[in-house]
Amino acid sequence: MPAETRTAVDKALDLVEAVARADRPPRLTDLAEEVGLHRATAYRVLVDLVRRGWVLRAGDRYLPGTAVLRLSSSAARNSLGALARPVLDRLSERTGMMVNLQVPEADRSRVIDVVRPDRLAMISRLMGEALPVHRFAGPLALVAALEPADRAPYLRTAEADGHPLDGPDGLLADVERTARTGFAVEYGRNEQPVASLGRAVVTRPGAPVCAVTLVGLGAEIDENRLGLLQELLREATDELGRILSGPGSPAPSSPSAAAPTASAPPSIDAARAASESPTAGEHRAGGLHVTDPTESGTATPSPSSSPEGQS
């Protein structure tokens, strides 16, 4: 970030982050050099950070302060990951599938938590990775929930990677269908033979907080199970939206006003049994498809020229 564009808050946060990630307690000169500030400027900011407890001074070195430690403890209890984990655990148990939680970043989404059953240990967890919108269902669900004007950075990333934006198989069509239905399904774009189903959690229109994604073998996300999986995922994302909105808040916005494609889901045991016993021969070619509950219910993946994908 150019120095002339940095606010006082930017400078303070840069220093707090530099202290937190240092391998050993840094000196003033080390910190000033790392964050690109004059030594005198860095010192003045550090004085305020020490006074407020964000940084602790020990001789000529600096350590994370008590405010950081209190924040870390609070985050462990009240962070998005902590609040969402029981919902992810239940969804994985009900479906027998891997479940991940993603948050939007500048031009991708990032995986911040994963629940993976032992039977799917062969599928990459992607924990901590940043995912582009044109290869994964999670970021597609997030981008579709944004206001159209806010989608541009994500679309540019796909375009720079050579993915088409226009046409029936282009990303813009995928985004439009996802915005209408609330669900995105991906088949084999990042890892064969893996597929995923994603839905955004939206507590305020145009501002998705996160996305929850079901990940499994392509044969398990077929037309026979897709309606059930959508309904279970809808229940989980709606529950998480209520948790994040807090008691007494208005009901969270739904990414789509479309009706569910399935009737009430069967029992948890039945869902798990179906998950662990896919019909022989059910397999999807690589591609991305967004299901529309107003259509026949048959999910046919779009063709893909390269075998890549999940999440």
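What you are looking at is a predicted structure, and each value in this text was computed from that prediction instead of being measured.

Describing the packing of helix 4 (residues 66-78) against helix 5 (residues 80-95)
Where helix 4 meets helix 5, the axes come as close as 5 Å, and the angle between the chain directions of the two elements is 20°. Taken as axis vectors, helix 4 and helix 5 run roughly parallel relative to one another. On helix 5, the residues that touch A75, A76, R77 and N78 of helix 4 are L80, A82 and L83. When grouped by side-chain class, the residues that make up the contact of helix 4 with helix 5 number five nonpolar, one polar and one charged.

A look at the pattern of salt bridges
Inspection of the entire model under this criterion finds 15 salt bridges. The salt bridge involving R85 is made with D89; its shortest N-O contact spans 3.6 Å. On the criterion of helical spacing, the pair formed by R85 and D89 is a turn pair, its members being four residues apart in helix 5. Across the salt bridge formed by R180 and E176, the nearest N and O atoms sit 2.9 Å from each other. One end of the pair is R180 and the other is E176, both in helix 8 (residues 171-181) and four residues apart, which spans about a single turn. We classify E176 as partly exposed; its relative accessible area is 42%. Three or more residues are tied together by salt bridges with common partners; here these are R85, D89 and D113.

Quick notes on the confidence of the model for the protein chain
Averaged over every residue, the pLDDT of the protein chain is 83; the share at 70 or more is 78%. The least confident element of the protein chain is helix 10 (residues 268-276), whose mean pLDDT is 45; the most confident is helix 6 (residues 137-145), at 97. Across residues 257-269, where pLDDT falls below 50, the model places 24 contacts with residues more than four positions away in sequence or in other chains. Under a pLDDT of 50 for its full length, residues 271-309 has, in the predicted model, 104 contacts with residues more than four places off or in other chains.

Let's talk about the packing of helix 6 against helix 8
Where helix 6 meets helix 8, the closest approach of the two axes is 8 Å, and the angle between their N-to-C directions is 75°. Our classification of the angle between helix 6 and helix 8 gives roughly perpendicular. Of helix 8, the residues touching helix 6 (which contributes L140, A141, V143 and A144) are L171, D174, V175, T178 and A179. Looking at the contact of helix 6 with helix 8 residue by residue, the classes come out as seven nonpolar, one polar and one charged.

Here's the deal with the environment of G138
Among the structural elements, G138 can be located in helix 6. The spacing of G138 and S196 is 58 residues in sequence and 8.2 Å in space, taken between C-alpha atoms. Ignoring sequence-local partners within four residues, the contact set of G138 consists of Q102, A211, T213 and S311.

Describing helix 6
Helix 6 sits mainly inside the fold: nine of its nine residues count as buried. Looking only at helix 6, the buried set comprises A137, G138, P139, L140, A141, L142, V143, A144 and A145.

What to know about the side chain of R151
Here R151 lies in the loop between helix 6 and helix 7 (152-160). Here R151 is buried and forms no salt bridge, its nearest opposite-charge partner E147 lying at an N-O distance of 6.9 Å. Only 3.2 Å separates the side chain of R151 from the backbone oxygen of V143, close enough to count as a polar contact. Those residues in contact with R151 that lie beyond four places of it in its chain are V143, A144, L146, V175 and A179.

Brief notes about the pairing of strand 8 (residues 208-217)
For strand 8, the buried fraction is high: eight of the ten residues fall into the buried class. In terms of strand pairing, strand 3 (residues 98-104) meets strand 8 through five bridges, oriented antiparallel. Opposite V99, over in strand 8, you have L214 as the bridge partner. Pairing of strand 7 (residues 194-202) with strand 8, which is carried by nine bridges, proceeds in the antiparallel orientation. Counterpart to A200 in the pairing with strand 8 is A211. The hairpin turn running from strand 7 into strand 8, its antiparallel successor, is five residues long, and G206 in that turn takes a positive phi close to 85°.

What to know about unusual backbone geometry
Following Q192, the chain continues to P193 via a peptide bond in cis, the omega torsion being -5°. With respect to the secondary-structure elements, P193 resides in the loop between strand 6 (184-187) and strand 7. Within the chain, L126 stands out as a residue other than glycine whose phi angle is a positive 60°. Take L126: it is sitting in the loop between strand 4 (109-115) and strand 5 (130-131).

Rules behind the numbers
Residues numbered from 1 in each chain as written. Predicted model: local features only at pLDDT ≥ 70, side-chain atom pairs only at ≥ 80, totals over all residues. Heavy atoms only, no water. Axes fitted to C-alpha atoms, helices over the stretch in contact; angles between N-to-C directions. Helix = DSSP H or I, 4+ residues; strand = E, 2+ residues; numbered from the N terminus. Parallel < 35°, antiparallel > 145°, perpendicular 65-115°, else oblique. Contact = heavy atoms within 4.5 Å. Nonpolar A, V, L, I, M, F, W, Y, C, P; charged D, E, K, R; others polar. Salt bridge = Lys/Arg side-chain N within 4 Å of Asp/Glu carboxyl O. Buried < 20%, exposed > 50% of the residue type's maximum accessible area, 1.4 Å probe, protein only. pLDDT = per-residue confidence, 0-100. Lys, Arg positive; Asp, Glu negative; His and termini not counted. Polar contact = N/O pair within 3.5 Å; in protein donor to acceptor, adjacent residues only side chain to side chain. Pairing = 2+ DSSP bridges.

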